[in-house]
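Here is what each chain is made of, one letter per residue.
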Amino acid sequence: MNRYLTNNWVNKSLLLATAIATVLSFTQCTPKQTATVSSVPNTTPQADQSKGLKDYFKDDFYMGVAVSSRSIRTDSALIIKEFNSVTAENDMKVGVIHPAENRYNWKNADDIVAFAERHHIHIRGHNLLWHKQGADWMFVGPDGKPASKELVLQRLRDHIHTVVGRYKGKMYVWDVVNEAIDDSQDPNVMYRENSPWWTTFKSPEFIEAAFRYAHEADPNAKLYYNEFNSERPVKREKIFALLKKLKADHVPIDGVGFQAHWTIGRPDADQIRKALDEVISLGLDVQFTELDMTVHENPVEVVPGKTPVDPGFTPDVEAKQIARYKMVFDIFRQYKKHIKAVTFWNVSDRGSWLDSRGGGSAGDPIPNPPVFIKAYPLLFDINNQRKKAYWAVVNN
Ligand code: 9MR
């Protein structure tokens, strides 16, 4: 072999070796291995960039996200690529869409519906009855005193017929009633009592009525009861009791929304499975409607006058979050026959409703004034890039 040939051979061998090393290194950082923290960059180069969450889960369930009339503009590319279901984070709630008896604010809700239709994205309606973000006027009578049950029911029926009627055929599901069960550990208090609905009715009559009105208004929409902390044993049994009652009374309910405002430390797999089994045993469907997973297992200690320490997105919490996201999606896949959609609450870690809650999640006391500590609860990071947890859930 002359020198030129030798050099050429060496060059080719080097090229081949480099190619093999590259392939090997890519294989080693396949998303499958992201269940532990590694040095894999957030966007792994070997990934099929044309696919989004909705494609990875196309045989399982819809992948959804809560949106606002702002995020459908600022984050439209990500939303269109990754998701095939949206929920209006706030824009369809009673107090927002119907702030006075004779006034509706359709603009933001209409924009979200138009955006979704333009991009062939399914739409969840959220929500028709809640104790928060409600319409105070509904509970005030013509004399300025508390309105009668009859008047409140008539207003509720008008509201539901108008809103559900406007979007008839466009929503595949409505969260009809949101969070009507008491969140405490007391098994003897079944319904949420700090609610104008309870104050007016002192019975679950309003819950049944809301489902019947929604069914009248759009018989094809699936109707859901939506709740948080549904996996906690005491609350789980209260929810189960309500669902059994609704079924026994032939109330038109199709499914249950598990909000799934979880943390990297709870709930455990058995609790999730037990709650799912109970709901499914009643012939009801399930959706995970507001999934997020804050990295704070507990709210941080707020000492007056001191700025609370934000530990940030450390490798330790990142590893826990990856493992737990993987665990919950393993369960979702096992139960996919009963799960129509999994929806994340907000688009990316850039902005989450949890960021102003001092590390707390649903049901924790809300600090006043707000304490800003980032929660990093989603599958996309503060730059809207896929996190390692993303790969842990799509590849398993
Ligand atoms: O994410 C919503 C936030 O922007 C609102 O300020 C808040 C008002 O209470 O509601 C949030 O969404 C809630 C959802 O509608 C129902 N489940 C709990 C969610 C988080 O609070």
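Structure shown above.
Residues numbered from 1 in each chain as written. Predicted model: local features only at pLDDT ≥ 70, side-chain atom pairs only at ≥ 80, totals over all residues. Heavy atoms only, no water.

Undergrad: How should I be thinking about the site of the ligand in this particular structure?
TA: The full set close to the ligand counts 14 residues, and Glu89, Lys93, His126, Glu290 and Trp345 are the nearest of them. Between glutamate 89 and the ligand, the recorded distance is 2.4 Å, taken from a side-chain N or O atom to an oxygen atom. In this structure, glutamate 290 approaches the ligand through a side-chain N or O atom, which is 2.7 Å from a nitrogen atom. Considering the ligand on its own, with 450 Å² of exposed area, one finds that the protein chains cover 79% of that surface. When its residues are assigned to classes, the shell around the ligand shows three nonpolar, six polar and five charged. (Near = heavy atom within 4 Å. Polar contact = N/O pair within 3.5 Å; in protein donor to acceptor, adjacent residues only side chain to side chain. Areas by Shrake-Rupley, 256 points an atom, 1.4 Å probe, with all protein chains shown as cover. Nonpolar A, V, L, I, M, F, W, Y, C, P; charged D, E, K, R; others polar.)

Undergrad: For this particular structure, what's the right way to read the packing of helix α10 (residues 233-248) against helix α11 (residues 269-281)?
TA: The packing of two helices is summarised by the inter-axis angle and the distance between the axes. Taken N-terminus to C-terminus, the directions of α10 and α11 make an angle of 10°; their axes are 10 Å apart at the nearest point. Compared by their axis directions, α10 and α11 come out roughly parallel. Along the contact surface, α10 presents Pro233, Arg236, Glu237, Phe240 and Leu243, while α11 presents Gln271, Lys274, Ala275, Glu278, Val279 and Ser281. A class-by-class count of the residues in the contact of α10 with α11 yields five nonpolar, two polar and four charged. (Axes fitted to C-alpha atoms, helices over the stretch in contact; angles between N-to-C directions. Helix = DSSP H or I, 4+ residues; strand = E, 2+ residues; numbered from the N terminus. Parallel < 35°, antiparallel > 145°, perpendicular 65-115°, else oblique. Contact = heavy atoms within 4.5 Å.)

Undergrad: Teacher, can you tell me more about the pairing of strand β2 (residues 85-88) here?
TA: A regular strand carries its side chains on alternate faces of the sheet. Residues of β2 alternate between two faces, with Ser85 and Thr87 on one and Val86 and Ala88 on the opposite face, all of them buried. As judged from the four bridges shared by strand β1 (residues 62-67) and β2, these two strands associate in the parallel manner. The residue bridging valine 65 from the neighbouring strand is valine 86, located in β2. Bridging between β2 and strand β3 (residues 122-129) involves three bridges; their strand directions are parallel. What sits directly across from threonine 87, in β3, is arginine 124. (Buried < 20%, exposed > 50% of the residue type's maximum accessible area, 1.4 Å probe, protein only. Pairing = 2+ DSSP bridges.)

Undergrad: Just to check I follow, could you spell out the packing of helix α9 (residues 205-217) against α10 for this structure?
TA: Packing of α9 against α10 leaves a shortest axis separation of 11 Å and a crossing angle of 55°. As summarised for this structure, α9 and α10 are arranged oblique, according to the angle between their axes. Here α9 runs over α10; the crossing is right-handed. Of α10, the residues touching α9 (which contributes Ile207, Glu208 and Phe211) are Leu242, Lys245 and Leu246. Classifying every residue of the contact of α9 with α10 by side-chain character gives four nonpolar, no polar and two charged. (Left-handed = near helix turned anticlockwise from the far one by under 90°.)

Undergrad: I tried to follow the packing of aromatic side chains on my own but got confused; where do I start?
TA: Two aromatic rings are characterised by how far apart their centres lie and by the angle between their planes. With the rule as written, the count across this model stands at 26 aromatic pairs. Pairing tyrosine 56 with tyrosine 390 gives two aromatic rings, centres 6.4 Å apart and planes at 85°, and the pair type is edge-to-face. Placement of tyrosine 56 in helix α2 (residues 53-56) and of tyrosine 390 in helix α13 (residues 388-394) is noted, with a sequence separation of 334 residues between them. Neither residue differs from the other here; tyrosine 56 and tyrosine 390 are each classed as buried. Aromatic side chains tyrosine 62 and tyrosine 172 sit 5.2 Å apart centroid to centroid with 85° between the ring planes, which places their arrangement in the edge-to-face category. Remark: tyrosine 172 occurs in strand β4 (residues 171-178) and tyrosine 62 occurs in strand β1; sequence separation between them is 110 residues. For arginine 166, the ring lying beneath its charged end belongs to tryptophan 106, and the centroid distance is 4.1 Å. It is lysine 235 that lies over the ring of phenylalanine 228; its NZ or CZ is 3.6 Å from the centre. (Phe/Tyr/Trp six-rings, centres within 6.5 Å; stacked < 30°, edge-to-face > 60°. Lys NZ or Arg CZ within 6 Å of the ring centre and 35° of its normal.)

Undergrad: Looking at this structure, I do not really get the pattern of salt bridges. What am I missing?
TA: In a structure, side chains of opposite charge can pair up when their charged atoms sit close to one another. According to the stated counting rule, one finds 27 salt bridges in the structure shown. Taking the shortest distance from any N to any O, the salt bridge between lysine 235 and glutamate 227 comes out at 3.0 Å. Accessibility expressed as a relative area gives 0% for glutamate 227, which makes it buried. With a shortest N-O distance of 4.0 Å, arginine 273 and aspartate 270 are connected by a salt bridge. (Salt bridge = Lys/Arg side-chain N within 4 Å of Asp/Glu carboxyl O.)

Undergrad: Quick question: what am I supposed to make of α10 here?
TA: An α-helical segment advances 3.6 residues per turn. Residues three or four places apart therefore align on the same side. Relative to the 22 Å expected for 16 residues at 1.5 Å per residue, α10 spans 22 Å between its end C-alpha atoms, a close match to the ideal helical length. For α10, the full list of buried residues reads Lys235, Arg236, Lys238, Ile239, Phe240, Leu242, Leu243 and Leu246. Against α9, β5 (222-227), β6 (255-258) and α11 lie the buried residues of α10. Looking at the residues trailing α10, positive phi occurs at histidine 250, about 55°. (Expected span 1.5 Å × (residues − 1).)

Undergrad: How should I be thinking about helix α12 (residues 315-334) in this particular structure?
TA: Taking 1.5 Å of rise per residue, the 20 residues of α12 would be expected to cover 28 Å, and the 29 Å separating its terminal C-alpha atoms lies within 8% of that figure. Taken together, the buried positions of α12 are Val317, Glu318, Gln321, Ile322, Arg324, Tyr325, Val328, Phe329, Ile331 and Phe332. Considering only its buried residues, α12 is in contact with β1, β7 (261-263), α11, β8 (285-294), β9 (339-344) and α13.

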